Amino acid sequence: MRMLGELIVGFASRQDAATGFRLAMLWPRWREVLGDAAPYARPLGHRRTILLLGVDDPIAMQECQYDAPLVLERVNAFLRQQIFDKVQFDLLQGKTPLDAVPGTAPAFWRPPPPRIARLGGLSLDPNTAVGRSYAAYVRQFGPGR
């Protein structure tokens, strides 16, 4: 029977384990490693040699596409070997990126709902579906909200 220490050393010395350890160090240091390259890209993981990154919107995705070669260069330099040869971007849409601080949800900016100054002037029967719907709409978007 082998000692536990021998098993751990044997596992940790394997190439894929060393790569896994380096990847685990990459995610929390993502912003530091990338610097100004692809400022909107957030790490989601990897699939074989494809680095998976998330962005908030399609415009940021387009901008980050141009920075993909620089992202690959910096990430592979941090990992000290050519691990990734392609970057795939996806919309975050509520996914938690790997560089997020554990225990906190990412905060997303949402524009304030529109306020219409002259809303509420219609006189509709409150006993109909249309009247109830209009009253709810006025409560949600009308002046004074």
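Everything here concerns the structure above.
Anyway, here's the lowdown on the structure attached to this text. (Residues numbered from 1 in each chain as written. Predicted model: local features only at pLDDT ≥ 70, side-chain atom pairs only at ≥ 80, totals over all residues. Heavy atoms only, no water.)

### Some points on the overall build of the protein chain
What counts is decided by this rule: Put simply, DSSP marks the helices as runs of H or I at least four residues long and the strands as runs of E at least two long, and each gets a number from the N terminus on. Exposed residues in this analysis have more than 50% of their type's maximum accessible area, buried residues have under 20%, and partly exposed residues fall in between, with area computed by a 1.4 Å probe over protein chains only. The protein chains shown are the only cover counted for residues, whose accessible areas, like all others here, come from Shrake-Rupley with a 1.4 Å probe.
When helices and strands are counted, the protein chain shows six helices and three strands. Taken from N to C terminus, the helices and strands of the protein chain fall in the order α-α-α-β-β-α-α-β-α. Buried residues in the protein chain amount to 30% of all 145 residues. Accessible surface computed for the protein chain: about 10,200 Å², of which carbon and sulfur atoms make up 59%.

### Some points on the sheet that holds strand β2 (residues 50-55)
Spelled out, the test is: Note on pairing: DSSP must find at least two bridges between two strands before they are called paired. An axis is simply a line fitted to the C-alpha atoms; with a helix, the fit covers only the stretch in contact. Between two such axes, the angle follows the N-to-C directions and lies from 0 to 180 degrees. In what follows, residue pairs with any heavy atoms lying within 4.5 Å of each other are defined as contacts.
If you trace the three strands from one edge of the open sheet to the other, you get β1-β2-β3, paired in mixed fashion. Unpaired on one side and paired on the other, β1 (42-47) and β3 (86-91) mark the two borders of the sheet. Put simply, the sheet's adjacent strands are angled 30° from each other on average, direction ignored. Contacts between helix α5 (residues 68-79) and the sheet are confined to β2 and β3, with β3 contributing the most and set at about 115° to the helix.

### Observations regarding unusual backbone geometry
Although it is not a glycine, A38 adopts a positive phi angle of roughly 50°. Assignment of secondary structure puts A38 in the loop between α3 (30-34) and β1. One non-glycine residue with positive phi stands out, namely Q93, at about 40°. Within the element layout of this structure, Q93 appears in the loop between β3 and α6 (129-141). What makes Q93 exposed here is its relative accessible area of 68%.

### So, the nonpolar core
Heads up, the rule is: Note on terminology: a nonpolar core comprises buried Ala, Val, Leu, Ile, Met, Phe, Trp, Tyr and Cys residues joined through side-chain atoms within 4.5 Å.
Grouped together as the largest cluster of nonpolar side chains are 25 residues, with contacts concentrated most on W30, L51, V71, V75 and F89. Every element with two or more residues in this core is listed here: α2 (15-26), α3, β2, α4 (58-66), α5 and β3. Here the element with the most residues in this core is α5; it accounts for five residues. Leaving out residues up to four positions away in the same chain, V71 has contacts with W30, L34, A38, L51, L53 and V87.

### A short note on the pairing of β1
The pairing of β1 with β2 spans five bridges and is antiparallel. If you follow R42 over to β2, its bridge partner there is G54. Connecting β1 to the antiparallel partner β2 that follows it, the hairpin turn spans two residues, and R48 within it adopts a positive phi of roughly 55°.

### Some remarks on the environment of P28
Secondary-structure assignment places P28 in the loop between α2 and α3. Using a relative accessible area of 61% as the deciding quantity, one classes P28 as exposed. Linking P28 and A100, residues 72 residues apart in sequence, is a C-alpha distance of 7.5 Å.

### Some remarks on the side chain of D99
Quick note on the threshold: Any pair of nitrogen or oxygen atoms within 3.5 Å is treated as a polar contact; in protein, a donor-acceptor pairing is required on top of that, and neighbouring residues in sequence qualify only through side-chain atoms on both sides.
Along the chain, D99 turns up in the loop between β3 and α6. Under the relative-accessibility criterion, D99 is labelled buried at 16%. A distance of 3.0 Å separates the side chain of D99 from the side chain of R42, its partner in a polar contact. Those residues in contact with D99 that sit more than four places away from it in its chain are W27, W30, R31, R42 and P43.

### Thoughts on the environment of A37
Structurally, A37 is set in the loop between α3 and β1. Judged by relative accessible area, A37 falls into the buried class, the value being 2%. Not counting the four nearest positions on each side in its chain, A37 is found in contact with L70 and R74.

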